[in-house]
Amino acid sequence: VGYTFNMISPRLAVILAALLIGTTTAASSTDRPNFNGTARVKQHMHRTGNLVEGEQHLLKLIIKWQSIPGAEGYELCHECNHIDETTGRETGTLAAGDGTDGSIGALIPIEIGGKNVCGGQPCHVMPGAPKGHNKFHLRVKKGGNFGLWSKLQN
């Protein structure tokens, strides 16, 4: 039995690749990310393995998600109550901070690469997180602008 293979010409391959890249990076910065993050939870410890004195009631969270093509950066919002779960739009304002200043939650900027990569995927390590349910939203920066917030992840 003989097989016939049709080769795509190099010129056609380049055109198809350009179209694919163009449609991937042309996605609107207002697209809502599908944030299906995973989290590891550890007790808040020193590198020596001893619990951090006075912070035994706190945890260290490692939040990780799939990279989003064309992302220039991310923002996580921890314990934010100003995001509409249906639309991903903000329903109030939130100042960047750690949430201890009376603001609604903590807005955490995440740069691409470096310390924000865990196992090849974007991540954020958050020491000193309270025990219990911690909720997060994610948004992505594309074309210099941040898009809509993801749905809530616990």
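Here goes a summary of the coordinates provided. (Residues numbered from 1 in each chain as written. Predicted model: local features only at pLDDT ≥ 70, side-chain atom pairs only at ≥ 80, totals over all residues. Heavy atoms only, no water.)

Re the packing of aromatic side chains
Consideration 1: In this structure the tally under the stated criterion is two aromatic pairs.
Consideration 2: Their ring planes at 75 degrees and their centres at 5.4 Å tell us that W65 and Y74 sit as a pair that is edge-to-face.
Consideration 3: For W65, a relative accessible area of 3% translates into the label buried.
Consideration 4: Owing to a relative accessible area of 3%, Y74 belongs among the buried residues under this scheme.
Consideration 5: Connected via pairs of aromatic rings, a cluster forms that spans F35, W65 and Y74. (Phe/Tyr/Trp six-rings, centres within 6.5 Å; stacked < 30°, edge-to-face > 60°. Buried < 20%, exposed > 50% of the residue type's maximum accessible area, 1.4 Å probe, protein only.)

A word on the nonpolar core
Consideration 1: With 16 residues, the main nonpolar core has W65, Y74 and L76 as its most contacted residues.
Consideration 2: Elements with a minimum of two residues in this core: β2 (58-64), β3 (73-78), β4 (106-110), β6 (121-130) and β7 (136-142).
Consideration 3: Among the nonpolar cores identified, the runner-up in size contains five residues, and C77, C80, L107 and W149 belong to it. (Core = buried A, V, L, I, M, F, W, Y, C linked by side-chain atoms within 4.5 Å. Helix = DSSP H or I, 4+ residues; strand = E, 2+ residues; numbered from the N terminus.)

Here's the deal with the sheet that holds β3
Backbone hydrogen bonds hold the strands of a sheet together, and the pairing may be parallel or antiparallel.
Consideration 1: Strand order across the open sheet formed by four strands is β4-β3-β7-β8, with antiparallel pairing between neighbours. Of all the strands in the sheet, the pair left with one neighbour each is β4 and β8 (145-146).
Consideration 2: Alignment of β7 against β8, held across two bridges, turns out to be antiparallel. Looking across to β8, one finds that K141 is bridged to F146. (Pairing = 2+ DSSP bridges.)

Description of the pairing of β2
Consideration 1: Burial analysis of β2 places five of its seven residues in the buried class, the great majority of the element.
Consideration 2: Summarising the sheet, strand β1 (residues 38-43) and β2 pair through six bridges and their orientation is antiparallel. Looking at β2, one finds that T38 is bridged to K64.
Consideration 3: Note that β2 and β6 share six bridges and pair antiparallel. Across the sheet, L59 pairs through a bridge with A129, a residue of β6.

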